Amino acid sequence: MASKTITLPDLPYAYDALEPFLSGEIMQIHHQKHHQAYVTNYNKSLELLSQAIANGDSNAVVKLHSAIKFNGGGHINHSIFWKNLAPVQNGGGVPPQGSLASAIDREFGSLDKLIQKMNVEGASVQGSGWVWLGLDKESKKLEVETTPNQDTLETKGASLIPLLGIDVWEHAYYLQYKNVRPDYLKNIWSVMNWKYASDIYEKESNVIPSL
């Protein structure tokens, strides 16, 4: 049986819709080149894996699992990342409301303190990776985590659900912010889609949505 392939999702906004905080050039290259490469390489790795299994090539199977994890993680992470962002005119940067806002205040002290924590953690990622705000479905608590390369948040715990993630690979910001990752982290909150994060939080924590 052939493995199911994946496709590049469309962005829910124009490439230049997040300016001046993220340039249209960055967004276009990030989506059309980097995310597309993860999709292409994942599909190719699945094809090669099917061939390796059919041929009984265990060495190839083991090697291909690493490529599938990396490229599949890149696809998953970026698919979340695009939804985590929104143009200012469509609610980007509007602080969370309701149950998620209450949880942030309760567990971090304030939204500003959460943002500060995520910015520090994101700036401290060595090399390439991600910084995440996640919900632990078992404890019902919010957690800030980082992951290297294209590891998904679930690699830090099976019960962790990503509410929002920030890509701190250089390709996410270098054309505009050069090597000053903290400036990128500071500005990206101006286009953060907190409504998306709130919707996921309410769904996964079984909270009744606020009116």
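Our subject is the structure that appears above.
Summary of the structure given here. (Residues numbered from 1 in each chain as written. Predicted model: local features only at pLDDT ≥ 70, side-chain atom pairs only at ≥ 80, totals over all residues. Heavy atoms only, no water.)

## Describing the overall build of the protein
Part 1 of the argument: Summing up its helical and strand segments, the protein has 7 helices and 3 strands in all.
Part 2 of the argument: Taking 17 Å as the expected radius of gyration for a compact globule of 211 residues, we find that the protein reaches 18 Å, a close match to that expectation.
Part 3 of the argument: Among the 211 residues that make up the protein, the fraction classed as buried is 48%.
Part 4 of the argument: Restricting to contacts in the protein with at least 6 residues of sequence separation, those with at least 24 account for 67%.
Part 5 of the argument: Accessible surface, the protein as shown: approximately 10800 Å² in total, 53% of it carbon and sulfur.
Part 6 of the argument: Positive and negative side-chain charges of the protein, numbering 18 and 22 respectively, have mean locations separated by a distance of 2 Å. (Helix = DSSP H or I, 4+ residues; strand = E, 2+ residues; numbered from the N terminus. Rg over C-alpha atoms; globule rule 2.2 N^0.38 Å. Buried < 20%, exposed > 50% of the residue type's maximum accessible area, 1.4 Å probe, protein only. Contact = heavy atoms within 4.5 Å. Areas by Shrake-Rupley, 256 points an atom, 1.4 Å probe, with all protein chains shown as cover. Lys, Arg positive; Asp, Glu negative; His and termini not counted. Charge placed at Lys NZ, Arg CZ, Asp CG, Glu CD.)

## Re the pattern of salt bridges
Part 1 of the argument: One pass over the structure, following the stated rule, counts 6 salt bridges.
Part 2 of the argument: For the salt bridge of D151 with K69, the shortest nitrogen-to-oxygen distance reads 3.8 Å. Taken together, the residues D151 in the loop between β2 (141–148) and β3 (160–167) and K69 in helix α2 (residues 58–83) connect sequence positions 82 residues apart. (Salt bridge = Lys/Arg side-chain N within 4 Å of Asp/Glu carboxyl O.)

## Brief notes about the packing of aromatic side chains
Part 1 of the argument: In the structure shown here, the tally under the stated rule is 8 aromatic pairs.
Part 2 of the argument: A ring pair is formed by W130 and W132, whose centres lie 5.4 Å apart and whose planes are at 20°; its orientation type is stacked.
Part 3 of the argument: What makes W130 buried here is its relative accessible area of 0%.
Part 4 of the argument: Residue W132 is classed as buried on the basis of its relative accessible area of 0%. (Phe/Tyr/Trp six-rings, centres within 6.5 Å; stacked < 30°, edge-to-face > 60°.)

## Notes on the sheet that holds strand β1 (residues 129–136)
Part 1 of the argument: An order of β2-β1-β3 is seen for the 3 strands of this open sheet, with the pairing classed as antiparallel. Either end of the sheet is taken by a strand with one partner, and the two such strands are β2 and β3. Taking the axes of each pair of neighbouring strands and ignoring which way they run, one obtains an average angle of 25° across the sheet.
Part 2 of the argument: As paired elements, β1 and β3 share 7 bridges and run antiparallel to each other. Note that in β3 the partner of D136 across the bridge is L160.
Part 3 of the argument: Against the sheet, helix α4 (residues 111–123) engages β1, β2 and β3, with an angle of about 140° to β1. (Pairing = 2+ DSSP bridges. Axes fitted to C-alpha atoms, helices over the stretch in contact; angles between N-to-C directions.)

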